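Topology and contacts: notes
Each chain, written out:
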Amino acid sequence: MSFLVILLVLLVDKFSDWRPRLQNDGPWLTRLRQAETSPSLQRAPWLVLLLLVLLPVALLGLLLAALEPLAYGWLSLPLHLLVLLYSLGRGHAKSELGTFRDAWRRGDQEAAALAAERDIGLQEQDPPSLLQAVQTRLLWKSYEGFFAVIFWYLLLGPMAALAYRLLALCAEHAELEGLRERAEQLRHAFDWLPVRVLLGSFALVGNFVAVNRALLHELLSWDVSARRLLADAGPLAADLSPQIDGEAGIARLDGIAALLVRTRVFWYAVIAVLTLLA
(Lines give C-alpha, C1' and ligand atoms only; values in the text may rest on other atoms or scores of the structure.)
Protein backbone atom coordinates (compact mmCIF):
# COMPACT_ATOMS: atom_id res chain seq x y z
CA MET A 1 0.00 0.00 0.00
CA SER A 2 2.95 2.33 0.57
CA PHE A 3 3.66 2.74 -3.15
CA LEU A 4 -0.01 3.50 -3.82
CA VAL A 5 -0.06 6.12 -1.03
CA ILE A 6 3.07 7.82 -2.38
CA LEU A 7 1.61 7.82 -5.90
CA LEU A 8 -1.61 9.38 -4.61
CA VAL A 9 0.37 11.98 -2.68
CA LEU A 10 2.24 12.98 -5.83
CA LEU A 11 -0.97 13.25 -7.83
CA VAL A 12 -2.77 15.24 -5.14
CA ASP A 13 0.20 17.56 -4.70
CA LYS A 14 0.53 18.21 -8.44
CA PHE A 15 -3.11 18.52 -9.49
CA SER A 16 -4.85 20.00 -6.44
CA ASP A 17 -4.44 22.59 -3.71
CA TRP A 18 -5.08 20.15 -0.85
CA ARG A 19 -1.55 20.21 0.48
CA PRO A 20 -1.46 23.88 1.61
CA ARG A 21 -4.90 23.47 3.14
CA LEU A 22 -3.92 20.36 5.07
CA GLN A 23 -0.65 21.83 6.27
CA ASN A 24 -2.32 24.16 8.75
CA ASP A 25 0.17 24.40 11.59
CA GLY A 26 -1.78 27.07 13.44
CA PRO A 27 -3.35 24.86 16.15
CA TRP A 28 -0.07 23.05 16.82
CA LEU A 29 1.90 26.31 16.98
CA THR A 30 -0.68 27.67 19.43
CA ARG A 31 0.00 24.68 21.69
CA LEU A 32 3.72 25.31 21.33
CA ARG A 33 3.36 28.93 22.46
CA GLN A 34 1.18 27.86 25.38
CA ALA A 35 3.78 25.32 26.48
CA GLU A 36 6.59 27.85 26.19
CA THR A 37 4.75 30.37 28.36
CA SER A 38 3.82 27.82 31.03
CA PRO A 39 6.14 28.28 34.07
CA SER A 40 6.10 24.57 34.85
CA LEU A 41 6.87 23.46 31.29
CA GLN A 42 9.58 26.04 30.64
CA ARG A 43 11.94 24.04 32.84
CA ALA A 44 10.99 20.70 31.27
CA PRO A 45 11.75 20.77 27.52
CA TRP A 46 11.63 16.99 27.24
CA LEU A 47 8.12 17.01 28.67
CA VAL A 48 7.11 19.61 26.09
CA LEU A 49 8.43 17.37 23.32
CA LEU A 50 6.49 14.45 24.75
CA LEU A 51 3.29 16.48 24.73
CA LEU A 52 3.78 18.12 21.32
CA VAL A 53 5.41 15.28 19.38
CA LEU A 54 4.97 11.93 21.08
CA LEU A 55 1.34 12.43 22.11
CA PRO A 56 0.04 13.22 18.57
CA VAL A 57 2.11 10.33 17.17
CA ALA A 58 0.71 7.96 19.80
CA LEU A 59 -2.85 9.06 19.03
CA LEU A 60 -2.20 8.44 15.35
CA GLY A 61 -0.90 4.98 16.20
CA LEU A 62 -4.05 4.14 18.14
CA LEU A 63 -6.24 5.32 15.27
CA LEU A 64 -4.25 3.26 12.75
CA ALA A 65 -4.47 0.21 15.02
CA ALA A 66 -8.24 0.59 15.08
CA LEU A 67 -8.60 1.01 11.31
CA GLU A 68 -6.09 -1.46 9.88
CA PRO A 69 -7.97 -4.67 10.85
CA LEU A 70 -11.05 -3.40 8.98
CA ALA A 71 -11.60 -4.06 5.27
CA TYR A 72 -8.13 -5.59 4.90
CA GLY A 73 -6.53 -2.28 5.93
CA TRP A 74 -8.02 -0.22 3.11
CA LEU A 75 -9.90 2.02 5.55
CA SER A 76 -6.54 3.27 6.81
CA LEU A 77 -5.43 4.39 3.32
CA PRO A 78 -7.09 7.86 3.52
CA LEU A 79 -5.42 8.40 6.88
CA HIS A 80 -2.02 7.43 5.45
CA LEU A 81 -2.62 9.87 2.60
CA LEU A 82 -3.59 12.77 4.86
CA VAL A 83 -0.73 12.21 7.29
CA LEU A 84 1.87 11.96 4.53
CA LEU A 85 0.59 15.11 2.84
CA TYR A 86 0.75 16.97 6.14
CA SER A 87 4.25 15.65 6.85
CA LEU A 88 5.74 16.96 3.60
CA GLY A 89 7.68 20.22 3.67
CA ARG A 90 6.12 23.65 3.71
CA GLY A 91 6.12 25.74 0.53
CA HIS A 92 7.83 24.95 -2.76
CA ALA A 93 11.55 25.61 -2.75
CA LYS A 94 11.92 26.12 -6.50
CA SER A 95 8.94 28.47 -6.92
CA GLU A 96 10.18 30.62 -4.03
CA LEU A 97 13.30 31.40 -6.06
CA GLY A 98 11.49 32.94 -9.03
CA THR A 99 12.31 36.58 -8.29
CA PHE A 100 15.86 35.72 -7.25
CA ARG A 101 16.44 33.80 -10.48
CA ASP A 102 15.18 36.68 -12.62
CA ALA A 103 17.43 39.19 -10.86
CA TRP A 104 20.48 36.92 -10.98
CA ARG A 105 19.94 36.21 -14.68
CA ARG A 106 19.94 39.97 -15.37
CA GLY A 107 23.18 40.34 -13.40
CA ASP A 108 21.44 42.55 -10.84
CA GLN A 109 23.06 41.06 -7.76
CA GLU A 110 21.72 43.75 -5.43
CA ALA A 111 18.14 42.92 -6.45
CA ALA A 112 18.95 39.21 -6.15
CA ALA A 113 20.20 39.74 -2.58
CA LEU A 114 17.06 41.68 -1.67
CA ALA A 115 14.85 38.98 -3.19
CA ALA A 116 16.73 36.25 -1.30
CA GLU A 117 16.34 38.13 1.96
CA ARG A 118 12.64 38.89 1.40
CA ASP A 119 11.49 35.56 -0.04
CA ILE A 120 13.65 32.95 1.67
CA GLY A 121 15.35 34.79 4.53
CA LEU A 122 18.94 34.50 3.29
CA GLN A 123 21.51 37.20 4.00
CA GLU A 124 25.03 36.88 2.62
CA GLN A 125 27.86 39.35 2.20
CA ASP A 126 28.94 38.56 -1.36
CA PRO A 127 27.43 37.02 -4.53
CA PRO A 128 29.34 33.69 -4.40
CA SER A 129 28.24 33.11 -0.81
CA LEU A 130 24.67 34.06 -1.69
CA LEU A 131 24.47 31.64 -4.62
CA GLN A 132 25.99 28.88 -2.49
CA ALA A 133 23.43 29.56 0.25
CA VAL A 134 20.60 29.38 -2.29
CA GLN A 135 21.96 26.08 -3.62
CA THR A 136 22.13 24.70 -0.08
CA ARG A 137 18.58 25.81 0.64
CA LEU A 138 17.29 24.17 -2.53
CA LEU A 139 18.96 20.90 -1.54
CA TRP A 140 17.88 21.11 2.09
CA LYS A 141 14.25 21.96 1.37
CA SER A 142 14.00 19.09 -1.09
CA TYR A 143 15.58 16.72 1.41
CA GLU A 144 13.63 17.66 4.53
CA GLY A 145 10.42 18.37 2.66
CA PHE A 146 10.31 15.16 0.62
CA PHE A 147 13.14 12.63 0.78
CA ALA A 148 13.39 12.34 4.58
CA VAL A 149 9.61 12.12 4.98
CA ILE A 150 9.26 9.45 2.29
CA PHE A 151 12.19 7.50 3.74
CA TRP A 152 10.70 7.31 7.23
CA TYR A 153 7.23 6.60 5.86
CA LEU A 154 8.53 3.62 3.89
CA LEU A 155 10.67 2.38 6.77
CA LEU A 156 8.38 2.85 9.78
CA GLY A 157 5.06 4.14 8.46
CA PRO A 158 3.04 7.33 8.91
CA MET A 159 3.84 7.66 12.63
CA ALA A 160 7.54 8.16 11.87
CA ALA A 161 6.75 10.64 9.07
CA LEU A 162 4.55 12.68 11.40
CA ALA A 163 7.17 12.59 14.18
CA TYR A 164 9.79 13.93 11.75
CA ARG A 165 7.58 16.83 10.69
CA LEU A 166 6.60 17.78 14.24
CA LEU A 167 10.24 17.74 15.33
CA ALA A 168 11.12 19.92 12.35
CA LEU A 169 8.38 22.40 13.26
CA CYS A 170 9.56 22.48 16.86
CA ALA A 171 13.19 23.04 15.86
CA GLU A 172 12.13 25.84 13.50
CA HIS A 173 9.56 27.67 15.62
CA ALA A 174 10.53 27.06 19.25
CA GLU A 175 11.62 30.23 21.04
CA LEU A 176 12.97 28.57 24.19
CA GLU A 177 16.61 27.73 23.59
CA GLY A 178 16.51 24.48 25.59
CA LEU A 179 13.47 23.20 23.72
CA ARG A 180 14.90 24.14 20.35
CA GLU A 181 18.22 22.47 21.13
CA ARG A 182 16.58 19.19 22.15
CA ALA A 183 14.35 19.20 19.11
CA GLU A 184 17.40 19.76 16.91
CA GLN A 185 19.23 16.90 18.64
CA LEU A 186 16.38 14.50 17.96
CA ARG A 187 16.07 15.73 14.41
CA HIS A 188 19.79 15.21 13.87
CA ALA A 189 19.26 11.59 14.90
CA PHE A 190 16.33 11.30 12.48
CA ASP A 191 18.43 12.83 9.68
CA TRP A 192 21.53 10.66 10.12
CA LEU A 193 20.39 7.64 8.08
CA PRO A 194 18.14 9.14 5.35
CA VAL A 195 20.60 11.85 4.34
CA ARG A 196 23.29 9.22 3.79
CA VAL A 197 20.90 7.12 1.74
CA LEU A 198 20.16 10.23 -0.31
CA LEU A 199 23.88 10.91 -0.80
CA GLY A 200 24.26 7.36 -2.09
CA SER A 201 21.44 8.10 -4.53
CA PHE A 202 23.22 11.29 -5.61
CA ALA A 203 26.35 9.28 -6.33
CA LEU A 204 24.42 6.73 -8.40
CA VAL A 205 22.58 9.29 -10.56
CA GLY A 206 25.34 11.91 -10.58
CA ASN A 207 29.13 12.14 -10.41
CA PHE A 208 29.93 9.04 -8.35
CA VAL A 209 33.69 9.56 -8.26
CA ALA A 210 33.51 13.17 -7.02
CA VAL A 211 30.98 12.39 -4.28
CA ASN A 212 32.90 9.32 -3.15
CA ARG A 213 36.24 11.12 -3.05
CA ALA A 214 34.94 14.11 -1.11
CA LEU A 215 32.65 12.50 1.45
CA LEU A 216 33.77 8.93 2.07
CA HIS A 217 36.04 9.87 5.00
CA GLU A 218 33.24 11.59 6.93
CA LEU A 219 30.19 9.72 5.71
CA LEU A 220 29.76 7.79 8.97
CA SER A 221 30.62 10.68 11.28
CA TRP A 222 27.87 11.39 13.81
CA ASP A 223 28.89 15.04 14.27
CA VAL A 224 28.52 16.15 10.64
CA SER A 225 25.12 17.76 10.06
CA ALA A 226 22.78 16.71 7.28
CA ARG A 227 22.71 20.26 5.90
CA ARG A 228 26.49 20.36 5.57
CA LEU A 229 26.63 16.96 3.85
CA LEU A 230 24.03 18.08 1.34
CA ALA A 231 25.81 21.39 0.74
CA ASP A 232 29.07 19.53 0.04
CA ALA A 233 27.69 16.61 -1.96
CA GLY A 234 24.98 18.24 -4.07
CA PRO A 235 27.19 20.48 -6.25
CA LEU A 236 29.71 17.65 -6.67
CA ALA A 237 27.09 15.14 -7.72
CA ALA A 238 25.53 17.63 -10.13
CA ASP A 239 28.98 18.30 -11.63
CA LEU A 240 28.39 22.05 -11.72
CA SER A 241 30.39 24.62 -13.63
CA PRO A 242 32.56 26.93 -11.50
CA GLN A 243 31.07 30.00 -13.21
CA ILE A 244 28.37 31.80 -11.22
CA ASP A 245 27.54 35.03 -13.06
CA GLY A 246 24.27 35.51 -14.92
CA GLU A 247 23.04 32.50 -16.84
CA ALA A 248 25.90 30.38 -15.48
CA GLY A 249 24.56 30.84 -11.95
CA ILE A 250 21.05 29.90 -13.03
CA ALA A 251 22.48 26.86 -14.81
CA ARG A 252 23.99 25.78 -11.48
CA LEU A 253 20.57 25.93 -9.81
CA ASP A 254 19.02 24.08 -12.75
CA GLY A 255 21.73 21.44 -12.47
CA ILE A 256 20.89 20.83 -8.83
CA ALA A 257 17.17 20.72 -9.65
CA ALA A 258 17.86 18.17 -12.39
CA LEU A 259 19.89 16.08 -9.93
CA LEU A 260 16.97 16.09 -7.50
CA VAL A 261 14.54 15.05 -10.25
CA ARG A 262 16.79 12.15 -11.30
CA THR A 263 17.07 11.08 -7.68
CA ARG A 264 13.29 11.13 -7.26
CA VAL A 265 12.84 8.99 -10.36
CA PHE A 266 15.46 6.58 -9.03
CA TRP A 267 13.64 6.32 -5.70
CA TYR A 268 10.30 5.74 -7.44
CA ALA A 269 11.83 2.93 -9.48
CA VAL A 270 13.37 1.29 -6.41
CA ILE A 271 10.09 1.55 -4.46
CA ALA A 272 8.14 0.07 -7.39
CA VAL A 273 10.55 -2.85 -7.72
CA LEU A 274 10.48 -3.56 -3.98
CA THR A 275 6.68 -3.42 -4.04
CA LEU A 276 6.54 -5.98 -6.87
CA LEU A 277 8.98 -8.26 -5.08
CA ALA A 278 7.20 -8.04 -1.72
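Every chain begins its residue count from 1, and numbering advances along the sequence as written. With the structure being a predicted model, the display of local features is reserved for residues of pLDDT at least 70 and the display and counting of side-chain atom pairs for 80 or more, all residues being used for whole-chain, interface and lining totals. Water and hydrogen atoms play no part in the side-chain values, which are based on all heavy atoms of the structure.

Under an unreviewed UniProt entry, the name given to the protein is AmpE protein, and the source organism is Stutzerimonas decontaminans.

1. What to know about the overall build of the protein
Runs of H or I in DSSP of at least four residues are treated as helices and runs of E of at least two as strands, each being numbered from the N terminus. If you tally the helices and strands in the protein, you get 14 helices and 0 strands. Each helix (α) and strand (β) of the protein, taken in turn from the N terminus, gives the series α-α-α-α-α-α-α-α-α-α-α-α-α-α. Once the C-alpha set of the protein is aligned to its principal axes, its extents read approximately 55 × 55 × 40 Å. Only protein chains enter the accessibility calculation, which uses a 1.4 Å probe; a residue whose area is less than 20% of its type maximum is buried, one above 50% is exposed, and one in between is partly exposed. Burial statistics for the protein: of 278 residues in total, 46% are counted as buried. Contacts are residue-level and defined by heavy atoms, with any inter-residue pair within 4.5 Å sufficient. Sequence separation of at least 24 residues holds for 72% of the intrachain contacts in the protein that already meet a minimum separation of 6. Note that accessible areas follow from Shrake-Rupley with a 1.4 Å probe, and for residues the cover is restricted to the protein chains shown. With an accessible surface of roughly 14300 Å², the protein has 62% of that area assigned to carbon and sulfur atoms. Charge separation in the protein, taken as the distance between the mean sites of 25 positive and 27 negative side-chain charges, equals 5 Å. Working convention for charge: Lys and Arg count positive, Asp and Glu count negative, and His plus the chain ends are omitted. Taken as the charge centre is NZ of Lys, CZ of Arg, CG of Asp or CD of Glu, depending on the residue.

2. Details of the packing of aromatic side chains
Each pair of aromatic rings taken from Phe, Tyr and Trp, with Trp reduced to its six-membered ring, is defined by centres within 6.5 Å and is described as stacked if the planes are under 30 degrees apart, edge-to-face if over 60, and tilted in the remaining cases. Taken as a whole and judged by the stated rule, the model has 9 aromatic pairs. On the numbers, 5.2 Å between centres and 85° between planes, the contact of F151 with W152 is edge-to-face. Residue F151 is classed as buried on the basis of its relative accessible area, which comes to 12%. The rings of F146, F147, W267 and Y268 are connected pair by pair, giving a single aromatic cluster. Just above the ring of F15 sits the side chain of K14; from NZ or CZ to the centre is 6.0 Å. Geometrically, a charge over a ring is one whose NZ (Lys) or CZ (Arg) sits within 6 Å of the ring centre while staying within 35 degrees of the ring normal. The aromatic ring of F147 is capped on one face by R264, whose charged end is 6.0 Å from the ring centroid.

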